[in-house]
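Architecture and fold: a report
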Amino acid sequence: MILTGGLKSLLPHVLRRIIRCNRLSISNTSGMAEGYKQANVIILHKSLADDFEKFCCANNGPLPLLYRSKPGDWKCPSLSSDADIRTDCLQYRIYEHGACTGTVKSLKEYSEQLKDMVTFYLGCSFSFEKAVQNTGIPIRNVEQKCNVSMYKTAVPCYTISTFCCNLVVTMRPIPENKLESAVLATSELKEAHGAPIHIGDPGLLGIKDLSKPDYGDSVHLHPGDIPVFWACGVTGIEAVISCGAPLAFTHSPGCMFVTDVKNDNVTEISSKEVPQVHCISQDPLHYSLVSAEAAQKIKTLETLIGIDPGDRGIIHLCHQDELLKACLSLSHGQSVLITTGFPTHFTYEPPEENDGPPGALAIAAMLQALEKQVAIVTDQRAMNLNKKIIEEAVQLGILKRPVPILSYQRESADSALKFLCENGNPARPRFDHLVAIERAGMAADGNYYNARKFNIKHLVDPIDDLFLAAQTIPGITTTGVGDGGNELGMGKVKDAVKKHIRNGDVIACDVEADFTIVAGVSNWGGYAIACALYILNTCEIHDRYLRKAVGFPQLSKRMVWLSALPSVAKEEKLLKTLVKYGVRSGKTASLEMEVDGLPFYDTHSLMIEKLL
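Residues numbered from 1 in each chain as written. Predicted model: local features only at pLDDT ≥ 70, side-chain atom pairs only at ≥ 80, totals over all residues. Heavy atoms only, no water.

1. Some details on helix H11 (residues 383–395)
To be explicit about the condition: We count a stretch as a helix when DSSP gives it H or I for four or more residues in a row; a strand needs E for two or more, and each element gets its number in order from the N terminus. Every helix has an expected span of 1.5 Å times one less than the residues it contains. Residue exposure (1.4 Å probe, protein chains only): buried if accessible area is under 20% of the type maximum, exposed if over 50%, otherwise partly exposed. Every residue pair with non-hydrogen atoms within 4.5 Å of one another is taken to be in contact.
Taking 1.5 Å of rise per residue, 13 residues should cover 18 Å, and H11 covers 19 Å from first to last C-alpha, within 8% of that figure. All buried positions along H11 are accounted for by Met383, Leu385, Asn386, Ile389, Ile390, Glu392 and Ala393. Packed against the buried residues of H11 are helix H10 (357–369), strand E16 (373–378), strand E17 (405–407) and helix H19 (568–580). Count one or two residues on from H11 and you reach glycine 397, which has phi positive near 85°.

The structure is reproduced here in structure tokens:
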């Protein structure tokens, strides 16, 4: 028997010849014939071939098609000059009516049946291992002399005819400081599955236990390693099982077909298309991907909304990339709860100001266009007002459909938990993300203050409880949008508020959000979130990561998203609606201010034009 030493440098045709002679003492081909493409193998009856090819095209992340043979053809001339698919894999699996009925070292005894069968050669992640190693990243399973870990996920593939299954992924532990290098090394190797489809907690893919892979071996993570998941060609085996074909053959997972094709046909990507990795959650641990170009556009939005028309010192509250990370998190979410309402005019009815609702509805409109669930929670006393505003926003075409209006009251110690989670179970949150925009925030003494230090606690329901409870519930992320430091979520920057904002020592909100978006006017922050969500969902790198490289790009929905963006016309209509219901401006001291030569209240239109 030939042992593994030296197999890394063997030429593919020599390695195949050794495999053909059954003279290897290895259980997988990971790390073999470095720098050459390896392939998953699926062999089906010719009657299923066209549908399976369509299935591959519809799910080309896990199933990049390298070659499709003709019926009865055991060779693959574009991948190898001397191959025989009946003998050139380490081991094969036999499937009958969707069940694995055995494994064999050779398919020669099935030569008669193979005359009516078509072979599909699909890209494999073993092909990118050398490129990853070249960046200084260790391949843990090669180090540990075992097969890569493969897992079934809860992510459904795009169904074609009888081919209906969930995505299978490989997992490779990557040192945290090397995540971006790993993504960059693999992103353009699309025939080897391309960039990862998930980085972080396996539970977000429906994987319960990393130590129990469905295929392959358990690979040990070193301290500081992050689990990184790539789409896997074993998805094709799950597709074979799902279709229930009377007879089918596959490679055994990890026992790939080694081709003569080198992994050197990579086109150099432009700096705009370089993927960036951003951590968007610690519990559960979750990273997201975005192109450098999209990230830069969102950073520009963040700079634009940071204009300080009142010269209040908000520049000291700004944290870089909060808008980007908050919107990446929102983009991954499915159910979002928004709150707004700052009753600064406590001697009037209604006491609300008009900063907050327009921004909240801009966020809600984009979330609706992205087909996410969205609701608004507000003060009990303001329920009817908000319902009227929502109804008119639908009539004006600002919203696609009404947004549910909720209220929250503290009736017991676990009221917030019961509100946020089904049956009060932290493992079953109703919302992925809470967003507060220009919402009165609780100060350190338990009161709520406007900018002039007036206590307005009697007008504010304790919605802060929801943000405090969310800090203890895995899977709920929070974002606060404000322009003065006394808004819900601004607790993250409370020290800067106390130091740099007038009356900050009294008014500073004490309740933190995971992400804090600071704007000259809070509405601008809402408009920027809507625009950033549009940018992210039209970014090909982020779109692929969102859909886990299965199905088709969502860019066909671009016009729907475009129509949901804030506009000057929408903003003017909404402000007139607010005036109609008696909602006043909260920035009365700013009437004489100018931004770029325009009166302060005209800057909403100016800002929308700049953001777009």
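Now that the structure has been shown, the text picks up again.
2. What to know about the sheet that holds strand E20 (residues 515–518)
Counted only if it meets this: One bridge is not enough; two strands pair if DSSP finds at least two bridges between them. Each axis is a line fitted through C-alpha atoms, and for a helix only the stretch in contact is used; angles between axes span 0 to 180 degrees, taken between their N-to-C directions.
Taken together, six strands build an open sheet; the order of strands is E17-E16-E15-E18-E19-E20 and the sheet is parallel. What marks the edges here is a single partner per strand, and that holds for E17 and E20. Neighbouring strand axes in the sheet, compared pairwise and without regard to direction, differ in orientation by 25° on average. With six bridges joining them, strand E15 (residues 335–341) and strand E18 (residues 433–439) adopt parallel strand pairing.

3. Looking at the nonpolar core
Rules: Residues enter a nonpolar core if they are buried and are Ala, Val, Leu, Ile, Met, Phe, Trp, Tyr or Cys, with the set joined through side-chain atoms within 4.5 Å.
Counting 61 residues, the largest nonpolar core has Leu323, Ile338, Leu361, Met366, Leu399, Ile529 and Leu533 as its most contacted members. In terms of residue count, helix H16 (residues 522–537) provides more of this core than any other element does, 11 residues in total. Apart from the residues lying within four places of it in its own chain, the contact partners of leucine 323 are Ile298, Leu301, Glu302, Ile517, Ala528 and Ile529. Listed in part, the 45 residues of the second largest apolar core include Phe120, Tyr151, Cys232 and Ala549.

4. Here we look at the sheet that holds strand E13 (residues 275–282)
Note on sheets: strands pair through backbone hydrogen bonds, and any given pair is parallel or antiparallel. Strand order across the open sheet formed by seven strands is E9-E6-E7-E10-E8-E14-E13, with antiparallel pairing between neighbours. At either margin of the open sheet sits one strand with a lone partner, and together these are strand E9 (215–216) and E13. Where strand E8 (residues 198–200) meets strand E14 (residues 285–291), two bridges bridge the pair, whose relative direction is antiparallel. The partner of glycine 200 across the bridge, within E14, is histidine 286.

5. Some remarks on the packing of aromatic side chains
What characterises a pair of aromatic rings is the spacing of the ring centres plus the angle enclosed by the ring planes. Selection rule: Pairing of aromatic side chains requires ring centres within 6.5 Å, counting the rings of Phe and Tyr and the six-membered ring of Trp. Pairs whose planes differ by under 30 degrees are stacked, by over 60 edge-to-face, and all others tilted. Each ring is checked for a lysine NZ or an arginine CZ that lies within 6 Å of its centre and within 35 degrees of its normal; such an atom marks a charge sitting over the ring.
Scanning all chains against the criterion turns up 12 aromatic pairs. Considering the side-chain rings of phenylalanine 52 and phenylalanine 120, the 4.9 Å spacing of their centres and the 70° angle between planes classify their relative orientation as edge-to-face. Within this pair, whereas phenylalanine 52 is found in helix H2 (residues 46–58), its partner phenylalanine 120 is found in strand E5 (residues 117–123), the two being separated by 68 residues in sequence. The burial state of phenylalanine 52 is the same as that of phenylalanine 120; both residues are buried. One aromatic cluster is present, formed by Phe52, Phe55, Phe120 and Phe163 through successive ring pairs. Over the face of the ring belonging to tryptophan 74 we find arginine 86, whose NZ or CZ atom lies 3.5 Å from the ring centre. Residue placement shows arginine 172 over the ring face of tryptophan 230; its charged tip is 5.9 Å from the ring centre.

6. Things to note about the pairing of strand E1 (residues 36–45)
Most of E1 sits out of view: nine of its 10 residues are buried. Direction of pairing for E1 relative to strand E12 (residues 257–262): antiparallel, over a ladder of three bridges. Across the sheet, alanine 39 pairs through a bridge with phenylalanine 257, a residue of E12. The pairing of E1 with E5 spans seven bridges and is classified as antiparallel. Bridge assignment links histidine 45 to a residue of E5, and that residue is methionine 117. Direction of pairing for E1 relative to strand E11 (residues 248–251): antiparallel, over a ladder of two bridges.

7. Observations concerning the environment of glutamate 293
As for its position among the elements, glutamate 293 is in helix H8 (residues 292–305). What makes glutamate 293 partly exposed here is its relative accessible area of 35%. For glutamate 293 and methionine 366, which are 73 residues apart along the polypeptide, the C-alpha to C-alpha distance reads 21 Å.

8. What to know about the confidence of the model for the protein
To be explicit about the condition: The quantity known as pLDDT measures the predictor's confidence residue by residue, on a range of 0 to 100.
Confidence along the protein averages 92 in pLDDT terms, with 93% of residues attaining 70 or more. Within the model, the stretch residues 588–602 combines pLDDT values under 50 with 23 contacts to residues more than four positions away or in other chains.

9. Here's the deal with the domain arrangement of the protein
Note the cut-off: Each domain's extent is set by a domain assignment, obtained either automatically or from a database. Computed with a 1.4 Å rolling probe, the buried area is the accessible surface lost when two parts are put together, summed over both parts. One speaks of a salt bridge when a side-chain nitrogen belonging to Lys or Arg is within 4 Å of a carboxyl oxygen belonging to Asp or Glu. In protein, a polar contact means a hydrogen-donor-capable atom and an acceptor-capable atom, both N or O and within 3.5 Å, with residues adjacent in sequence counting only if both atoms are side-chain atoms; elsewhere, any N or O pair within 3.5 Å suffices.
Under the domain assignment, the protein is made up of domain 1 (8–136 + 156–167 + 227–267) and domain 2 (280–553). Computed from C-alpha coordinates alone, the two centres of domain 1 and domain 2 are separated by 48 Å. Facing the 10 residues of domain 1 at the interface are six residues of domain 2. Roughly 540 Å² is buried in total at the junction of domain 1 and domain 2, and carbon and sulfur atoms are behind 67% of that figure. Across the contact surface, domain 1 and domain 2 share zero salt bridges. Applying the counting criterion to the domain 1 and domain 2 interface returns three residue pairs in polar contact (both at pLDDT 80 or more).

10. Concerning the side chain of serine 30
One can find serine 30 in the loop between helix H1 (12–20) and E1. For serine 30, a relative accessible area of 6% corresponds to the buried category. Engagement of the side chain of serine 30 in a polar contact is seen with the side chain of glutamate 129, the distance being 2.7 Å. Excluding residues that lie within four positions of it along the chain, serine 30 makes contacts with Phe126, Glu129, Asn141 and Val142.

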